[in-house]
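Working through the structure, step by step
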Amino acid sequence: MAIHSVLRMGHPLLSQRATEVRDFDTVALNNLIRDMLDTMHAEDGVGLAAPQIGISSRVVVFGFDHNPRYRNAPAVPRTVLINPVIKPLGDAMEEAWEGCLSVPGMRGLVPRYKRIEYRGFDASGTPVVATAEGFHARVVQHECDHLDGILYPQRVCDFTRFGFISELADAGLLAMNTADDQN
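What you see is a predicted model, and the numbers here were worked out from it, not measured in a lab. (Residues numbered from 1 in each chain as written. Predicted model: local features only at pLDDT ≥ 70, side-chain atom pairs only at ≥ 80, totals over all residues. Heavy atoms only, no water.)

**Concerning the pairing of strand β2 (residues 59-64)**
The buried fraction of β2 is high, at six of six residues. Residues Val59, Val61 and Gly63 point to one face of β2 and Val60, Phe62 and Phe64 to the other, with burial holding for every one of them. Relative to β2, strand β1 (residues 47-49) is paired through three bridges, and the arrangement is antiparallel. In the strand pairing of β2, Leu48 is matched with Val61. With five bridges joining them, β2 and strand β3 (residues 76-88) adopt antiparallel strand pairing. Across the sheet, residue Phe62 finds its bridge partner in β3, namely Thr79. (Buried < 20%, exposed > 50% of the residue type's maximum accessible area, 1.4 Å probe, protein only. Helix = DSSP H or I, 4+ residues; strand = E, 2+ residues; numbered from the N terminus. Pairing = 2+ DSSP bridges.)

See below:
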């Protein structure tokens, strides 16, 4: 359908709680999802939330087989998740580097739950229930944070582990995944 510009950190919509989706299997919702997937793929993203393209709806998309920005990451199933709820499965957390299409050129070390269960609905309103761990769990948590107006820098605990990709790489803190890694 259409590729949208991704809103950047500082835009007011990115700091607001998104609105619940009440109507499923509508032309507007299906177009939104199609646009989100097109935008995510065009930006080489691993996930995208509706607020990132200027729509205050509790909709996220994520998933890939291989991603040039995260070359060593395992595949994540392509998923449309509407009105999601996340439940940690245990207290174990892990830190890993995250980037974001809304915070281009930067990375930060972010703690996330290692294992989660997520629930929500697909575009037709059919319930979705899944468990995830590792990178998959990280992606889901990151995208769902957008729906509550949270960007990953707000989760960074040690700001010596947050900065521009090139500076972090030059300091030996971040291994570059690609020569032109931007986000």
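**Details of the side chain of Arg58**
As for its position among the elements, Arg58 is in the loop between β1 and β2. Engagement of the side chain of Arg58 in a polar contact is seen with the side chain of Glu20, the distance being 3.5 Å. Only 3.2 Å separates the side chain of Arg58 from the side chain of Asp148, close enough to count as a polar contact. Beyond its immediate chain neighbours, meaning those up to four positions away, Arg58 contacts Arg17, Ala18, Thr19, Glu20, Val21, Leu81, Ile82, Asn83, Pro84, Leu147 and Asp148. (Polar contact = N/O pair within 3.5 Å; in protein donor to acceptor, adjacent residues only side chain to side chain. Contact = heavy atoms within 4.5 Å.)

**Focus on the sheet that holds strand β7 (residues 127-133)**
Spatially, five strands are ordered β1-β2-β3-β6-β7 in an open sheet, and the strand pairing comes out antiparallel. The outermost strands of the open sheet, each flanked by one partner alone, are β1 and β7. Strand-to-strand twist across the sheet, computed as the mean angle between neighbouring axes with direction ignored, equals 40°. Pairing of β3 with strand β6 (residues 115-121), which is carried by five bridges, proceeds in the antiparallel orientation. Across the sheet, residue Val85 finds its bridge partner in β6, namely Arg119. (Axes fitted to C-alpha atoms, helices over the stretch in contact; angles between N-to-C directions.)

**Concerning the nonpolar core**
Counting residues in each nonpolar core, the largest one holds 20 residues, and the members touching the most others are Val60, Phe62, Leu81, Tyr118 and Phe135. Every element with two or more residues in this core is listed here: β2, β3, β6, β7 and α2 (134-147). If near-sequence neighbours (up to four positions away) are discounted, Tyr118 is found in contact with Phe62, Thr79, Leu81, Val85, Ile86, Val128, Val129, Ala130, Ala132, His136 and Val140. Counting 16 residues, the second largest nonpolar core, distinct from the first, contains Met36, Leu48, Ala50 and Ile53. (Core = buried A, V, L, I, M, F, W, Y, C linked by side-chain atoms within 4.5 Å.)

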